[in-house]
Amino acid sequence: MAENSPLKTKARGYSVKTLPGFSVVALFTLVALYAPIVILVVYSFNQGTSLAVWEGFSLRWYQQAAANEAVQDAALRSLILAISAASVATVAATMAALATTRTRHFPGRTMIYALINQPLMVPEIVTAVALLIVFAAIKVWTGHTSMIYLIVAHTAFCVPFAYLPIRARLETMDNSLEAAAQDLYASRWLTFRRVTLPLMWPGIVAGLMLAFVISLDDVVITEFVKSAGQETLPTYMLGQLRRVVTPEVNAISTVILLAGAILVSLFFLLTNRRV
Amino acid sequence: MIEIESATKVFGTGEAAFRALNAVNVTIAENEFFTLLGPSGCGKTTLLRLIAGFEPPTMGAIKLAGDDITRLRPAERPVNTVFQNYALFPHMSVAGNIAFGLEMLGKPKDEVDSTVAEMLRLVKMEELKDRRTSEISGGQQQRVALARALAPHPKVLLLDEPLSALDLKLRKEMQIELKRLQHETGITFVFVTHDQEEALTMSDRIAVMNGGEILQIGNPKEIYERPSARFVANFIGESNFLDATLKGGQVTLAAGGTFDVSVPDGVADGAVSVLLRPEHVAARAGAAQDGEIAATVDTVVYSGEATTLHLSLPTGEKVKAKIGNAPLGDGSLPKEGDSAALTVATGAITVLRD
């Protein structure tokens, strides 16, 4: 058989490391990516109020941020918003991914891909303005101004981010596994519960985390949609920058960075154990 | 056991419609090892999927033990499948895979455990029961797939080219293994393959398929020795096709020689095409005597257990003669360019319908 032929040896590809200029480009890229972040983290520990002059190590900006009620309020709101929006978006994205990969081809399927991914294509500012106009009208009409508007808006733009990894996972999953489950007397629900869901789980977790980070990070749509006093961490920080810049902003950013790093590491730990 | 009544399957509609099965009728008996044999695209896998319930037939009916199961979902049919790629659940252990069908049937825990243990013993996989399916070899995956499909004791086991991913040696072992499993379990096996040798080795009966139709059904001996159609003869084993004239139960070859034959239904006297298997032709060097056919040797091909002579007849027809090798050859075989005299074994000539 061809697969067992001893002649099947791969031509050895040349190493990218030997290409001229590799080290220079790599170094430049790494510096451009990480140097600003390193500086941001370093100055979050600055004793003084400057973002440019090092005056010694201290944790005062962390203490100040932690004690600041406006930061606490914004951080809590960001978390509630990101968790709600990411959860709802992931459930919707999971259903959409199943519907677009686990059904026979139907007319308009390409159209549905486009519709689901629409928030990735439309400039965020356009969505923001459109939502502002619609939500403002609803707010005036009902007098209701809770966080629900933010949750709806965030859910909407989180769906495609959750959808992409889930669909990618489903597409690499062998359809015959579900056929095998049904052949072995599993009902539709048990086929999903015992075979499809466990196998697509890493995709769902990836989608959830991506959606969470995207929501946590959002400024533009939040800025347009939020009612008075509904600051999230990013919009609070933006507001601070307009007034007086202190390393408190660095301290908050560092905490967000740490949280993100923990989430991503957790995700890799969770998914790499799986087949 | 299984009755398939004029099953037709059409994929697509209008211009793009493809008729994968065309009014197929077949009855498969209980405890039979039945093989669907044919080239790719002949409809054998479609027929299997119809029996499993993965596809509904466009027309026709499928009956199992007298009950019409045409419209039942796969989960409602006492039929299990061994998939070509095995389709083992990668997130479950070997034992977990085998237990799956039993759990879905709602069997009590101790019955599940004892059946799984029995199946592990049957396919000789006891020691690897806690392994992930990605941690075992292809041959072992094959055994797990078999055990998983056999565990719920289906009335019929469907096997979709299950040996095609294995190397030759393992495939030979698994052929014997499958035969043993079928005897031990007494379950009806419906086996799909494109490998004629596999079909001949394993089957009680074979249905040879082409173009969405069954051309012939019979036991391996009938299929090999009395193929009804040229396609069947050509697909199974090596063949010589010769022109001949049929008259009153005898054929006279264009190249000479008259032989008694059994005439298949619907073949009238006149010009016919006959089949002669290469191993049924004997050859010696020298001029043809009475009852022999004269030929010239074009090429001699040695292949270990036999030597095949490629010969030309005076009519221009080409004939192969496959002759078993004697120890250290006695040198009596004709050489390239020699004249040869051919003898045809009694009963070796089969009249074809087409």
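Conventions adopted
- Residues numbered from 1 in each chain as written.
- Chains lettered and ligands numbered in written order.
- Predicted model: local features only at pLDDT ≥ 70, side-chain atom pairs only at ≥ 80, totals over all residues.
- Heavy atoms only, no water.
- Domains from an automatic or database assignment.
- Core = buried A, V, L, I, M, F, W, Y, C linked by side-chain atoms within 4.5 Å.
- Buried < 20%, exposed > 50% of the residue type's maximum accessible area, 1.4 Å probe, protein only.
- Helix = DSSP H or I, 4+ residues; strand = E, 2+ residues; numbered from the N terminus.
- Contact = heavy atoms within 4.5 Å.
- Buried area = accessible area lost by both parts, 1.4 Å probe.
- Salt bridge = Lys/Arg side-chain N within 4 Å of Asp/Glu carboxyl O.
- Nonpolar A, V, L, I, M, F, W, Y, C, P; charged D, E, K, R; others polar.
- pLDDT = per-residue confidence, 0-100.
- Polar contact = N/O pair within 3.5 Å; in protein donor to acceptor, adjacent residues only side chain to side chain.
- Patch = residues over 30% accessible without salt bridge, like charges linked within 9 Å, V, L, I, M, F, W, Y side chains within 5 Å.
- Areas by Shrake-Rupley, 256 points an atom, 1.4 Å probe, with all protein chains shown as cover.
- Expected span 1.5 Å × (residues − 1).
- Arc of directions from axis to C-beta.
- Pairing = 2+ DSSP bridges.
- Axes fitted to C-alpha atoms, helices over the stretch in contact; angles between N-to-C directions.

### Things to note about the domain arrangement of chain B
Here is step 1 of the chain: For chain B, the assigned domains read domain 1 (2-225) and domain 2 (238-351).
Here is step 2 of the chain: Placing a centre on the C-alpha atoms of domain 1 of chain B and another on those of domain 2 of chain B gives a separation of 40 Å.

### Structural notes on the nonpolar core
Here is step 1 of the chain: One finds Ile2(B), Phe89(B) and Phe100(B) to be the most contacted residues of the largest nonpolar core, which totals 74 residues.
Here is step 2 of the chain: Broken down by element, this core gets its largest block of residues, 11 residues, from helix α7 (residues 148-172) of chain A.
Here is step 3 of the chain: The residues touching Ile2(B), leaving out its near neighbours within four places in the chain, are Val26(B), Thr27(B), Ile28(B), Ile51(B), Ile62(B), Lys63(B), Leu64(B), Val156(B) and Val190(B).
Here is step 4 of the chain: With 36 residues, the next largest nonpolar core counts Val82(B), Val94(B), Ile98(B) and Val123(B) among its residues.

### Description of the interface of chain A and chain B
Here is step 1 of the chain: Every contact between the two is made by 21 residues of chain A and, on the other side, 33 residues of chain B.
Here is step 2 of the chain: When chain A packs against chain B, close to 2200 Å² is buried across both sides, 62% of that on carbon and sulfur atoms.
Here is step 3 of the chain: In terms of surface lost to chain B, no three residues of chain A exceed Asp183(A), Leu184(A) and Tyr185(A), which account for 34% of the buried area on that side.
Here is step 4 of the chain: For the pair chain A and chain B, the number of links is one salt bridge.
Here is step 5 of the chain: Note that Glu103(B) and Arg194(A) form a salt bridge whose closest N and O atoms lie 3.0 Å from each other.
Here is step 6 of the chain: Within the residue set of the side of chain A that touches chain B, elements represented by two or more residues are α8 (175-183) and α9 (188-217) of chain A.
Here is step 7 of the chain: At seven residues, α8(A) tops the list of elements feeding residues into the side of chain A that touches chain B.
Here is step 8 of the chain: When grouped by side-chain class, the residues that make up the side of chain A that touches chain B number 13 nonpolar, three polar and five charged.

### A short note on the confidence of the model for chain A
Residue and element names in this part refer to chain A.
Here is step 1 of the chain: For chain A, the average pLDDT comes to 86, and 93% of its residues sit at 70 or higher.
Here is step 2 of the chain: For chain A, the element scoring lowest by mean pLDDT is helix α12 (residues 248-272), at 83; helix α3 (residues 69-101) scores highest, at 93.
Here is step 3 of the chain: pLDDT under 50 marks residues 1-10. Its contacts with residues more than four places away, or in other chains, come to four contacts.

### Re the pattern of salt bridges
Side chains that carry opposite charge are capable of pairing whenever their charged atoms lie near each other.
Here is step 1 of the chain: All told, the structure shown has 26 salt bridges over all chains when counted by the stated rule.
Here is step 2 of the chain: Across the salt bridge formed by Arg167(A) and Glu171(A), the nearest N and O atoms sit 3.1 Å from each other. Residue Arg167(A) and its partner Glu171(A) are both found in helix α7; the two are separated by four residues, about one turn of the helix.
Here is step 3 of the chain: Among the ionic pairs, Lys320(B) bridges to Glu238(B), the shortest N-O distance being 3.2 Å. In this pair, Lys320(B) sits in strand β18 (residues 318-324) while Glu238(B) sits in the loop between α8 (230-235) and β11 (240-247), placing the two residues 82 residues apart along the sequence.
Here is step 4 of the chain: On the basis of relative accessible area, Glu238(B) is assigned to the partly exposed category, the value being 38%.
Here is step 5 of the chain: If you follow the salt bridges from partner to partner, you end up with Lys124(B), Arg143(B), Glu177(B), Arg180(B) and Glu184(B) in one network.

### Notes on the domain arrangement of chain A
All names here are of chain A.
Here is step 1 of the chain: When cut into domains, chain A gives domain 1 (19-58) and domain 2 (69-174 + 201-272).
Here is step 2 of the chain: Each of domain 1 and domain 2 has a C-alpha centre, and the two are 28 Å apart.
Here is step 3 of the chain: In this assembly, nine residues from domain 1 lie in contact with eight residues from domain 2.
Here is step 4 of the chain: Summing the contributions of domain 1 and of domain 2, the shared interface buries around 690 Å²; its carbon and sulfur component is 73%.
Here is step 5 of the chain: Broken down residue by residue, the surface that domain 1 buries against domain 2 is led by Leu-40, Ser-44 and Leu-51, which jointly contribute 60%.
Here is step 6 of the chain: The tally of links from domain 1 across to domain 2 stands at zero salt bridges.
Here is step 7 of the chain: In this assembly, domain 1 and domain 2 are joined by one residue pair in polar contact (both at pLDDT 80 or more).
Here is step 8 of the chain: Each residue belonging to the side of domain 1 that touches domain 2 can be placed in one class, and the counts come to five nonpolar, four polar and no charged.

### Focus: a nonpolar patch on the surface
All names here are of chain A.
Here is step 1 of the chain: Taken together, the side chains of Leu-30, Leu-33, Tyr-34, Ile-37, Val-38, Val-42, Trp-54, Phe-57, Leu-59 and Leu-257 present a nonpolar region at the surface, about 960 Å² in accessible area.
Here is step 2 of the chain: For the nonpolar patch, the element with the highest residue contribution is helix α1 (residues 22-43), accounting for six residues.
Here is step 3 of the chain: With respect to the helices, strands and loops of the structure, Ile-37 is situated in helix α1.

### Thoughts on unusual backbone geometry
All names here are of chain B.
Here is step 1 of the chain: Located in the positive-phi region is Ser-6, a residue other than glycine, with phi close to 35°.
Here is step 2 of the chain: By secondary structure assignment, the location of Ser-6 is in strand β1 (residues 2-11).
Here is step 3 of the chain: Given the relative accessible area of 34%, Ser-6 is considered partly exposed.
Here is step 4 of the chain: Even without being glycine, Ala-23 reaches a positive phi, approximately 45°.
Here is step 5 of the chain: Given the relative accessible area of 40%, Ala-23 is considered partly exposed.

### Some points on helix α6 (residues 124-142) of chain A
Residues and elements named next belong to chain A.
Here is step 1 of the chain: With 19 residues, α6 should cover 27 Å at 1.5 Å per step; its first-to-last C-alpha distance of 26 Å lies within 8% of that length.
Here is step 2 of the chain: Those residues of α6 not exposed but buried are Ala-128, Leu-131, Phe-135 and Lys-139. What you see down the axis of α6 is that its buried residues fit within an arc of 70°, all on one side. With respect to the buried face of α6, the exposed residues turned more than 90 degrees away are Ile-133, Val-140 and Trp-141.
Here is step 3 of the chain: Here the buried face of α6 lies against α7 and α10 (220-225).
Here is step 4 of the chain: Directly beyond the C-terminal end of α6, a positive phi value near 75° is found at Gly-143.

### Overview of the sheet that holds strand β19 (residues 339-344) of chain B
Residues and elements named next belong to chain B.
Here is step 1 of the chain: Read across the open sheet, the five strands follow the order β15-β19-β16-β17-β18; overall the sheet is antiparallel. Here the strands that pair on one side only, and so sit at the sheet edges, are β15 (281-285) and β18. Going from strand to strand, the sheet's axes swing by 45° on average, the running direction of each strand aside.
Here is step 2 of the chain: Pairing between strand β16 (residues 293-302) and strand β17 (residues 306-312): six bridges, direction antiparallel. Of the residues in β17, the one forming a bridge with Tyr-302 is Thr-307.

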